[in-house]
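What follows is the residue order along each chain.
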Amino acid sequence: MSFASEIFTPEIVASALQAQAFKNAAAVVSVEVLESFRATSADVARLKISFAGEADPIVVIGKSATGRGFAAARRELRFFEKIAPLWPNPSPRFLGSWSRGEETDVQVLLLTEDLQAAGFALSHDGFSVAQLQAVVAMLIGLHSRFWEEFQECLLHDAAHPEPSLTQSAQAWPQQVIRAHAKAGREGTGRFLANVGARLT
């Protein structure tokens, strides 16, 4: 698949930006793929979008998904559109989306803020205690915000029902459930043994 010719075109990117009323969306004149990333169920790239006139170009992350990757992209889109606006989350800024097709033959494009361009950097030396604590604090904030009033419809698209991992797990044979539970307990034990003292 060719990023530039198949999905990351000025016309499609402009449509995605217009869906979020992005300034200058209608003036997109070129889209350049600066870098592509390996992903299991989507095509992901860092894009440079240029506009007509004097508007400065922007760098964003584009994610194109179809087939088995479409369900995951749809869940991500529901998060940005329905959940993220309800609490002060640390997620990248959502810039727009576009889709075409129906049923099993669907393709979707998501555009989000490029965190690297915004000044963030990947850690290549593991994570500090402060970073782990920040993750835990974020998860606590998420649960406390929605614990009593979260609407299930925010997670599920009635028009495109998806299999429930929880319901699927309950249907597994008892020996499979026991094996997964044992692995979970052992993994938790190893984690606490390695970093537990630093988190208290």
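Further up the page is the structure itself.
Quick summary incoming for the structure in this document. (Residues numbered from 1 in each chain as written. Predicted model: local features only at pLDDT ≥ 70, side-chain atom pairs only at ≥ 80, totals over all residues. Heavy atoms only, no water.)

Okay, helix α3 (residues 69–83) next. Here α3 is 15 residues long and its end C-alpha atoms lie 20 Å apart, about the 21 Å a rise of 1.5 Å per residue gives. Three or more residues of α3 are buried, namely Gly-69, Phe-70, Ala-73, Arg-74, Leu-77, Arg-78, Phe-80 and Ile-83. At its buried positions, α3 is contacted by β3 (58–66), β4 (94–102), β5 (105–113) and α4 (129–146). (Helix = DSSP H or I, 4+ residues; strand = E, 2+ residues; numbered from the N terminus. Expected span 1.5 Å × (residues − 1). Buried < 20%, exposed > 50% of the residue type's maximum accessible area, 1.4 Å probe, protein only. Contact = heavy atoms within 4.5 Å.)

The buried count for strand β2 (residues 43–51) comes to seven of nine residues, which makes it a mostly enclosed element. In terms of strand pairing, strand β1 (residues 28–37) meets β2 through eight bridges, oriented antiparallel. Paired with Phe-37 across the strands is Val-44, a residue of β2. The pairing of β2 with β3 spans seven bridges and is classified as antiparallel. Across the sheet, the residue bridging to Val-44 is Lys-63, located in β3. Following β2, the chain reverses through six residues before pairing antiparallel with β3; Gly-53 in that reversal takes a positive phi of roughly 80 degrees. (Pairing = 2+ DSSP bridges.)

Okay, the sheet that holds β3 next. Backbone hydrogen bonds are what pair the strands of a sheet, in a parallel or an antiparallel way. Read from one edge to the other, the open sheet built from five strands follows the order β1-β2-β3-β5-β4, with strand pairing classed as antiparallel. Edge strands, defined here as strands with exactly one partner in the open sheet, are β1 and β4. Adjacent strand axes in the sheet meet at a mean angle of 25 degrees when their direction is disregarded. Of the strands in this sheet, β1, β2, β4 and β5 are in contact with helix α2 (residues 10–19), which crosses β4 at around 115 degrees. (Axes fitted to C-alpha atoms, helices over the stretch in contact; angles between N-to-C directions.)

On to the nonpolar core. Grouped together as the largest cluster of nonpolar side chains are 19 residues, with contacts concentrated most on Leu-17, Leu-109 and Leu-111. Put simply, the parts of the chain that give this core at least two residues each are α2, β1, β2, β4 and β5. For this core, the leading source of residues is α2, giving five residues. Core analysis: the next-biggest nonpolar cluster, separate from the first, contains 12 residues, Ala-42, Phe-94, Val-106 and Val-108 among them. (Core = buried A, V, L, I, M, F, W, Y, C linked by side-chain atoms within 4.5 Å.)

Turning our attention to the environment of Glu-81. Inspection of the secondary structure assignment puts Glu-81 in helix α3. Classification of Glu-81 by relative accessible area gives partly exposed; the value is 42%. Considering only alpha carbons, one finds Glu-81 and Phe-94, 13 residues apart in sequence, at a separation of 8.3 Å. Excluding anything up to four places from it in sequence, Glu-81 contacts Phe-94 and Ser-97.

The subject of this paragraph is the environment of Phe-146. Of note, Phe-146 is situated in helix α4. Judged by its relative accessible area of 8%, Phe-146 falls in the buried class. Expressed as a C-alpha distance, the spacing of Phe-146 and Trp-87, which sit 59 residues apart in the sequence, is 9.1 Å. Beyond its immediate sequence surroundings of up to four residues, Phe-146 is in contact with Ile-83, Leu-86 and Trp-87.

Turning next to the packing of aromatic side chains. Applying the stated criterion across every chain yields a total of two aromatic pairs. For the ring pair Phe-79 and Phe-80, a centre distance of 5.6 Å and an interplane angle of 65 degrees mean the geometry is edge-to-face. By relative accessible area, which is 24% here, Phe-79 ends up partly exposed. Owing to a relative accessible area of 9%, Phe-80 belongs among the buried residues under this scheme. Between the aromatic rings of Phe-80 and Phe-94, the centroid separation amounts to 5.2 Å while the plane-to-plane angle is 10 degrees, which identifies the pairing as stacked. (Phe/Tyr/Trp six-rings, centres within 6.5 Å; stacked < 30°, edge-to-face > 60°.)

With that settled, consider the pattern of salt bridges. Scanning the entire structure with this criterion turns up three salt bridges. One salt bridge in this structure joins Arg-46 and Asp-114, with 2.7 Å as the shortest N-O distance. Taken together, the positions of Arg-46 in strand β2 and Asp-114 in the loop between β5 and α4 put the pair 68 residues apart, joining distant regions of the chain. In this pair, the class of Arg-46 matches that of Asp-114, namely buried. Glu-76 is the partner of Lys-63 in a salt bridge, and the nearest nitrogen-oxygen pair spans 2.6 Å. Remark: Glu-76 occurs in helix α3 and Lys-63 occurs in strand β3; sequence separation between them is 13 residues. Classification of Glu-76 as partly exposed rests on a relative accessible area of 23%. (Salt bridge = Lys/Arg side-chain N within 4 Å of Asp/Glu carboxyl O.)

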